[in-house]
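One-letter residues, chain by chain:
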Amino acid sequence: MRTELLAPAGDLERLKVAIVYGADAVYFGGKQFSLRARASNFTLENIREACEFAHSYGKRVYVTVNIIPHTGDFEGLEDYLRTLESYGVDGIICASQSIMKTGKKVAPGMEYHISTQQTTLSSAGIKYWQKLGADRVVLGREVTLEQLKEIKPKTDMPLEVFIHGGMCANYSGRCTISNHLTNRDANRGGCAQSCRWFYHSWQDEQLLDRDDGLLSMGSKDMCALDNLENLLKLQVSSLKIEGRMKTAYYIASIVKGYRYAMDCYYEKGYITEEELRKASGLLQLAENRETFPGFYNGQFGREGQLYNSDNTVTQTFLANVLDYDEQTGEAVLEVRNHFEKGDKAVIMNPQGDEVPFVLERMLDEEGNEVEIANKPMQRLRVKVPVKVNSYTFIHSERK
Amino acid sequence: MKKLFVSVNSLDTVKKLDRNLVEGVIVNSQGFSSGLSAHSIEKITELAHHSNFKVIVRLDCLYSEGLIKDVRVYLRYLEEADVYGVLCTDLAVKVLVEEEKLSLKVIYAPETLLTNCYDVEEMRNEGFDHCVISKDIPLSDVYDILNRVQNYCWLRIHGPILLSYSARHYVSSYLERNCHNELFELQESTRNDRLAMIEKEAGSWLYGACLESFGEIRNLMSSPVDALVIDNIYLSDDYTLRCLELYKSVLSGKLTAEQGIDLLRAFDLNINYSSLSEIRKTVLDKEKK
């Protein structure tokens, strides 16, 4: 059995990027019943197109129906699930027992995956969902590698674990700080990320603040690349990347990094240090927060927390590719970040190695030569050394 | 009179409880509960055998694979101790109780997850003896659930509102010292009110204002709720006894609801309150309208 690489998609563009860069499956939310209310979620028409596109590549599509619903939220659920089934959606990620049972009844052609919002941490917890007919359980991010090794032989339930991306600081689904401090419902798509705010700490009327900053519950992002080989050996069913709010460039580089490492593993049964370094380089292109291995290596202290709001990571993304002329070897780039004539850049294509090149002659739409590209969305014609396409990203050399 | 369950820190407090008002007590275990007080199985056994109160043990942590074996053994002890039931957050507890064929009542209290009548009905169908409805939904939704799933639900009417539960040790990590089994307060940097945080080996619990239901207690007594819960977590037993006294006075008509909360405020000036009827509809509800 090969483990699935599961990528997030905030919209159709990102879904297509995830698939062409090597995801085995994608997940996203519709306009209804989904967390991440601010992600540009899919319309029903988008979902139909997403299924057609993914299935044409032999990939799977999961739709999140993962709100913790209030009684009034169920209106339209049955029709919605039937429609998703008719479009060929492969699975539903849900957190509510009654949503799962409703789905099993009215749209039994789809799988029902229990969301991490249910915080399943043990084989006994998995048994609960197995008895109810769940098709997969997404484990809590708090499960360590050692615990996973104990769990796996005790169950035949397909298991999904997170490997990359933002982490809820608290148990997912068990946090309502946002509800009570901002009136935005964390479990119905409105989380204000109040955990990432800064707090004075007190004990017995004594202020405990450190000189180097206030307490924050905010978590660093997870990066489980160093545990990837172990997770693949355990034959978990799916490795999930978090980030429905992330950019297409983020999705491309993260998916490509893990795809590369997974392919290396499946080629020979292990991943070399050199291969890990290469995969890590791809992941680092996309980082927008510091990362750590999450709970995979066990409990942690300061190294898992973000105490400074200014730990920004240098943006490497320079431009999209809009068009390519095979005869002239020129590409039309859409500027996303500052670069200059003479800068060294790198071409990231869905397949193959990255290709470094120097940004030489750059022409704007009127044919004028441009020295500095600093207008977002400006279109520039640039000579590139290899064939590129609309899924290609241009980034700067890694520092 | 509806059943009323109340949390106690000291087992000696049980002797001071009014049998006419209180049906049972909620106590913390050693190692498997969120609160700061903890009681050995011997003490819990003694309480269950001699107090004439139903004894409920709080098992409100989420249990990793490594702890499941210990929880299983502990549940057997609780059965032998004639404990009435367990208040649990982790569905795994239900599986263990079934596998061990125990007669312990399983009261599912996931804090955030039971926010609609359909999921509550599902829990009843799956054999949970009772469920504690989420404290994060407005009172109108609470009554809707109580009316649709009658004489089954438990409702928390008083006590600090749990805002979050994490496996992380927030204060220990921040201060770089072991802060387990200690009570702290966090104050968001732009606000005045403070939030209590308990840190234990099993993680960190963050609490907001203290929920109170003086204005609603009489309506709740005539509603189809199965039991009401006063769960004061880290607050003192003296405070809990004062709460009970004041709720009793409001129920008997000796005090108005306003007088009840005013007197409780006077008992401890540092506690901020949020009324059960003040739990607001969240933004998504408003957007729908």
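Here is what the cut-offs are and how they apply
Residues numbered from 1 in each chain as written. Chains lettered and ligands numbered in written order. Predicted model: local features only at pLDDT ≥ 70, side-chain atom pairs only at ≥ 80, totals over all residues. Heavy atoms only, no water. Pairing = 2+ DSSP bridges. Helix = DSSP H or I, 4+ residues; strand = E, 2+ residues; numbered from the N terminus. Buried < 20%, exposed > 50% of the residue type's maximum accessible area, 1.4 Å probe, protein only. Phe/Tyr/Trp six-rings, centres within 6.5 Å; stacked < 30°, edge-to-face > 60°. Contact = heavy atoms within 4.5 Å. Buried area = accessible area lost by both parts, 1.4 Å probe. Salt bridge = Lys/Arg side-chain N within 4 Å of Asp/Glu carboxyl O. Polar contact = N/O pair within 3.5 Å; in protein donor to acceptor, adjacent residues only side chain to side chain.

S.K.: Please clarify how the sheet that holds strand β16 (residues 344-348) of chain A should be interpreted in this entry.
M.R.: In a beta sheet, neighbouring strands are held together by backbone hydrogen bonds and run either parallel or antiparallel to one another. All names here are of chain A. Here we have 7 strands laid out as an open sheet, ordered β17-β16-β21-β13-β14-β20-β18, and antiparallel in their pairing. Across the chains shown, the open sheet's two edge strands, defined by having one partner strand only, are β17 (355-358) and β18 (362-363). Pairing geometry for strand β13 (residues 317-325) and strand β14 (residues 330-335), over 6 bridges, is antiparallel. Among the inter-strand pairings, N320 is bridged to a residue of β14, identified as E334.

S.K.: Looking at this structure, I do not really get unusual backbone geometry. What am I missing?
M.R.: Peptide bonds are, in most cases, trans, and in most cases residues other than glycine have a negative phi. All names here are of chain A. Of note in this structure, E205 is not a glycine but carries a positive phi near 65°. For Q235, which is not glycine, the phi dihedral falls at a positive 55°. The partly exposed category is assigned to Q235, whose relative accessible area is 38%.

S.K.: Is there a simple way to explain the packing of aromatic side chains in this structure?
M.R.: In this description, a pair of aromatic rings is defined by centroid distance and the angle of the planes. All names here are of chain A. Across all of its chains, the model carries 24 aromatic pairs over all chains by this definition. On the basis of an interplanar angle of 45° and a centroid distance of 6.0 Å, the ring pair of Y21 and F393 is categorised as tilted. On the criterion of sequence distance, the pair formed by Y21 in the loop between α1 (12-20) and β2 (25-29) and F393 in strand β21 (residues 393-396) is long-range, its members being 372 residues apart. When the ring of F33 is compared with that of Y80, the centres are 5.2 Å apart and the planes differ by 45°; the resulting orientation is tilted.

S.K.: I would appreciate a short explanation of the interface of chain B and chain A in the present structure.
M.R.: Taken together, the 71 residues of chain B in the interface contact 74 residues of chain A. Buried surface at the junction of chain B and chain A, summed over both partners, amounts to about 6,200 Å²; 53% is from carbon and sulfur atoms. Considering only the surface of chain B that becomes buried against chain A, E65(B), R168(B) and Y174(B) emerge as the three largest contributors, covering 15% of it. Along the contact surface separating chain B from chain A lie 8 salt bridges. The salt bridge involving K127(A) is made with E99(B); its shortest N-O contact spans 2.7 Å. Where chain B packs against chain A, one counts 38 residue pairs in polar contact (both at pLDDT 80 or more). The greatest single-element share of the side of chain B that touches chain A, amounting to 7 residues, is contributed by strand β8 (residues 182-188) of chain B. Looking at chain direction, strand β8 (residues 199-203) of chain A and β8(B) are connected through 4 bridges and run antiparallel. Its bridge partner being in β8(B), Y199(A) is matched across the sheet by E188(B).

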